[in-house]
Amino acid sequence: MKDDCIFCKIANHVIESDYVYEDDLVAAFRDMSPAAPTHVLVVPKEHYAHMADNVPGETIAAMAHAVDEIAKAEGIQESGFRVVANSGPDAGQVVHHLHWHVLGGKRLVDDFA
Ligand code: 5GP
Ligand code: ZN
């Protein structure tokens with residue numbers, strides 16, 4: 001855990017959040033500034049900066065499983081959703097702990113989150 005990292009703290013319950021899914025490797029919680037009716041962040045409990053930080057396959061698989069569980073629980077499995085992983089400056093990444101945005105519950109085709 002990286003001491004100055006907000007998502008390390010949330011994923012490991014040092015700071016509590018509005019969780020929607022959790023297992024040994026990942027936590028998922030609602031974005032504090034939602035861009036869609038469903039806007040959940042999926043984060044690993046270990047610290048990785050972004051998608052190009054040698055993230056283990058086991059962690060990626062756990063994140064993908066979390067997306068599946070969240071889509072079903074949020075009722076957006078059929079209507080559709082978007083998964084976004086901003087990585088680095090050109091993507092506008094603000095929080096430097098790997099996270100996948102899961103966005104759904106409205107038409108997203110004209111948006112680019
Ligand atoms: P990105 O780094 O991909 O640009 O986005 C970071 C996201 O994290 C933003 O959508 C922002 O609203 C969300 N966020 C930042 N800090 C917190 C926090 O402390 N709690 C929650 N729930 N969301 C956060
Ligand atoms: Zn972190």
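Scroll up to find the structure this text is about.
Residues numbered from 1 in each chain as written. Chains lettered and ligands numbered in written order. Predicted model: local features only at pLDDT ≥ 70, side-chain atom pairs only at ≥ 80, totals over all residues. Heavy atoms only, no water.

Some points on the sheet that holds strand E2 (residues 26-30)
Backbone hydrogen bonds are what pair the strands of a sheet, in a parallel or an antiparallel way. Within the open sheet, the five strands sit side by side as E1-E2-E3-E5-E4. Their pairing is antiparallel. Among the strands making up the open sheet, the edge pair consists of strand E1 (19-22) and strand E4 (81-84). With strand direction ignored, the average angle separating the axes of adjacent strands in the sheet is 20°. Pairing of E2 with strand E3 (residues 38-44) involves five bridges; the strand directions are antiparallel. (Pairing = 2+ DSSP bridges. Helix = DSSP H or I, 4+ residues; strand = E, 2+ residues; numbered from the N terminus. Axes fitted to C-alpha atoms, helices over the stretch in contact; angles between N-to-C directions.)

Considering the pattern of salt bridges
Applying the stated criterion across every chain, the model contains five salt bridges. Here Arg30 makes a salt bridge to Glu74, at a shortest N to O gap of 2.8 Å. One end of the pair, Arg30, is in strand E2; the other, Glu74, is in helix H2 (residues 57-74), with 44 residues separating them in the sequence. Note on Glu74: relative accessible area 23%, which makes it partly exposed. In the salt-bridge network here, residues are joined through shared partners; they are Asp18, Arg30 and Glu74. (Salt bridge = Lys/Arg side-chain N within 4 Å of Asp/Glu carboxyl O. Buried < 20%, exposed > 50% of the residue type's maximum accessible area, 1.4 Å probe, protein only.)

Quick look at the nonpolar core
Residues Val42, Ile70 and Val102 are the most contacted members of the largest nonpolar core, which totals 17 residues. Among the elements that take part in this core, H2 stands out by supplying six residues, more than any other. Ignoring anything within four residues of it in the chain, the contact list for Val102 reads Thr38, His39, Val40, Val42, Val67, Ile70, Ile76, Phe81 and Arg82. Grouped together as the second largest cluster of nonpolar side chains are 10 residues, Cys8, Ile10, Val43 and Val95 included. (Core = buried A, V, L, I, M, F, W, Y, C linked by side-chain atoms within 4.5 Å. Contact = heavy atoms within 4.5 Å.)

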